[in-house]
Each structure stands twice: as C-alpha cells, then as structure tokens.
Amino acid sequence: MTDRLNLSTSITGRRRFAVAAGGALGAVGRVLVADVVGRTDFDVLWATFAVNIVGSLILGYVVARHAGRSRSSPFLIPFVGVGVLGAFTTFSLFSAEVFELARAGDWVVAVAYPLLSIGAGFAAALLGVRFGGSK
Amino acid sequence: MTWVVVGAFGALGALARYGVSGIAQLMWRTTFPVGTLVVNITGAFAAGLLLALVTGRDVPDLLVTAAGVGFLGGYSTFSTWMVESVLAAESGGRVGLRRAAENLVVPLVAGVGAVAIGFAIGQWI
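Described below are features of the structure shown in this document. (Residues numbered from 1 in each chain as written. Chains lettered and ligands numbered in written order. Predicted model: local features only at pLDDT ≥ 70, side-chain atom pairs only at ≥ 80, totals over all residues.)

**Topic: the overall build of chain A**
Thinking step 1. Assigned secondary structure in chain A consists of 5 helices and 0 strands.
Thinking step 2. The order of α-helices and β-strands along chain A, N terminus first, is α-α-α-α-α.
Thinking step 3. By the compact-globule yardstick of 14 Å for 135 residues, chain A is too spread out, its C-alpha radius of gyration being 18 Å.
Thinking step 4. If one aligns the C-alpha atoms of chain A with their principal axes, the spans along those axes are about 60 × 30 × 25 Å.
Thinking step 5. Every one of the 135 residues in chain A was classed for burial, and the buried ones make up 47%.
Thinking step 6. Sequence-distant contacts, at least 24 apart, represent 77% of the contacts inside chain A between residues at least 6 apart. (Helix = DSSP H or I, 4+ residues; strand = E, 2+ residues; numbered from the N terminus. Rg over C-alpha atoms; globule rule 2.2 N^0.38 Å. Buried ≥ 20, exposed ≤ 12 C-beta atoms within 10 Å, placed from the backbone. Contact = placed C-beta atoms within 7 Å.)

Printed below as a string of structure tokens:
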C-alpha cells in the first residue's frame with residue numbers, strides 16, 4: 001500500500017516536471033515568434049494571432065491522437081498540452097490586446113481581432129482533431 | 001538573458017495553471033471546462049492589473065516580460081480553450097453545439113471584462 005502511494009506521488013511529481021519543462025519551452029517559443037514578427041512590418045498583434053492558431057491546430061491533433069491510443073504516455077498531455085502549447089498560446093495577452101484596442105477607440109480591429117482569432121482558432125483545432133482522429 | 005527568464009517564469013506559470021485548473025475542475029464537478037475558464041479569467045485579470053501598474057511607471061522591461069510574457073503566458077492558454085470547444089461541439093447534437101458556443105462566448109466576454117476590472121483596480125492603486 002505504501003509502495004503504491006509512493007509510486008503515485010512520484011508519478012505526479014514527474015508530471016509536474018513535464019508541465020514545467022514544457023512550459024519553459026513553449027514560453028521561449030512564443031518570445032521567439034514575437035521577436036521574428038517584431039522585425040517585420042506586421043503588428044505584434046498578429047504574432048499572438050499566429051501562435052494561438054498554430055497552437056490550437058497542434059493541440060487538436062495531439063489530443064485526438066492521444067485519445068485514439070490505449071498505450072500513450074501519461075506525460076504526453078501534461079508536457080505537450082499543458083506545458084508546451086499552454087505556454088506557447090496565450091489567453092491573457094489576447095484579452096489584454098482586445099481591451100487595449102477598445103480603449104484606443106480602434107473599434108473595427110477590437111471587434112474583428114477576437115472574432116477572427118476565435119473563428120480561426122476553432123477551425124484550426126477542429127482540423128487538428130480530425131487529422132489526429134483519422135487512422 | 002530574456003530567454004532564460006521567460007523560460008523560468010513560463011515553467012512557473014504552467015505549473016500554477018496545472019494546479020489551479022486541476023483544483024477548480026475538482027471543486028465544480030461539471031462538464032463545462034471550468035478549470036481552463038478559471039485560469040484564463042484570473043490570468044486576464046492579472047494582465048489588466050499589470051498593464052495599469054506599468055503604465056507611466058519606470059518598471060524594468062525584464063520584470064514586465066517575466067511577469068506578462070513568461071508567467072501569465074504560461075499560466076493562461078488559448079489552445080486548450082479552442083480544443084475544449086471543439087470537443088464540446090463533437091460531443092453531439094444541438095446540446096454539443098450549444099455547449100461549444102457557450103464555451104467560446106463566456107470566456108471571451110469574461111476575459112475582456114476581467115482585464116478591464118484588473119486595469120481599473122491597477123489605476124486606483
């Protein structure tokens with residue numbers, strides 16, 4: 001009984017480590033994309049847009065793939081889903097950007113940006129789920 | 001230097017999210033992905049607060065990047081929000097579609113609202 005408890009705590013500990021390691025990678029990845037986009041004429045807004053859409057596509061694929069397999073690593077979702085893609089994509093910056101656009105009185109973009117993000121994000125996630133689910 | 005700081009704070013943010021969303025999902029036993037909602041709303045609130053606190057103040061860039069890009073970026077998530085919405089839609093029928101629509105609209109409205117409240121409190125401090 002004690003052994004089983006020890007085993008379960010060690011697995012949770014390893015899951016946490018997977019989350020943390022993935023989170024570090026994802027956050028650095030997002031800075032990298034923002035850095036590259038920042039050097040072009042594109043608005044930083046579109047860096048957030050790009051990471052959010054790409055992240056949704058990949059997560060959809062990974063989740064569907066994971067669900068379809070009986071022998072899938074218990075660290076896959078904590079590492080890739082919560083860690084890497086959780087940190088790569090961002091909700092807080094997305095909301096703050098919408099708020100800033102509205103505050104600046106830029107109403108067209110303030111309405112178009114969240115609608116486009118959600119529309120494209122949902123479509124990307126759906127595409128990922130369909131790809132990942134197909135045998 | 002920036003990368004190391006962002007990576008470290010991203011790891012902390014991801015860990016915090018893992019804990020908070022897990023606890024929230026246990027507290028409210030519902031099919032609605034409340035864990036993701038809780039981290040995203042609290043993350044948006046914190047982003048608004050941070051935005052107000054750094055505006056017009058001489059705060060080191062690295063600190064803002066660590067907190068805003070690293071921690072809050074790792075803490076909040078867009079991809080899980082989208083995939084959970086897709087899974088809700090795929091759960092079947094009109095109920096599934098309604099759940100998906102709810103899960104897209106509620107966090108969006110609540111998120112921007114949370115930024116505004118955080119910002120107002122930050123200005124007031």
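**Some details on the interface of chain A and chain B**
Thinking step 1. With 42 residues of chain A at the interface, the matching set in chain B holds 42 residues.
Thinking step 2. At 12 residues, helix H1 (residues 2–38) of chain A tops the list of elements feeding residues into the side of chain A that touches chain B.
Thinking step 3. Residue composition of the side of chain A that touches chain B, grouped by class: 25 nonpolar, 15 polar and 2 charged. (Nonpolar A, V, L, I, M, F, W, Y, C, P; charged D, E, K, R; others polar.)

**Concerning the environment of Phe 9 of chain B**
All names here are of chain B.
Thinking step 1. Inspection of the secondary structure assignment puts Phe 9 in helix H1 (residues 2–27).
Thinking step 2. Under the C-beta neighbour-count criterion, Phe 9 is labelled buried, with 25 such atoms within 10 Å.
Thinking step 3. Between the C-alpha atoms of Phe 9 and Leu 49, which are 40 residues apart in sequence, the distance is 18 Å.
Thinking step 4. Here Phe 9 is in contact with Ala 66, Gly 70, Phe 71 and Gly 74, once residues within four sequence places are set aside.

**Topic: the nonpolar core**
Thinking step 1. Core analysis: the largest hydrophobic core is formed by 76 residues, its most contacted members being Ala 125 of chain A together with Ala 44, Ala 47, Val 86 and Val 115 of chain B.
Thinking step 2. Apart from the residues within four sequence positions on either side, Val 115 of chain B is in contact with Ser 95, Ala 96 and Phe 99 of chain A together with Ala 44, Ala 47 and Gly 48 of chain B. (Core = buried A, V, L, I, M, F, W, Y, C linked by C-beta atoms within 7 Å.)

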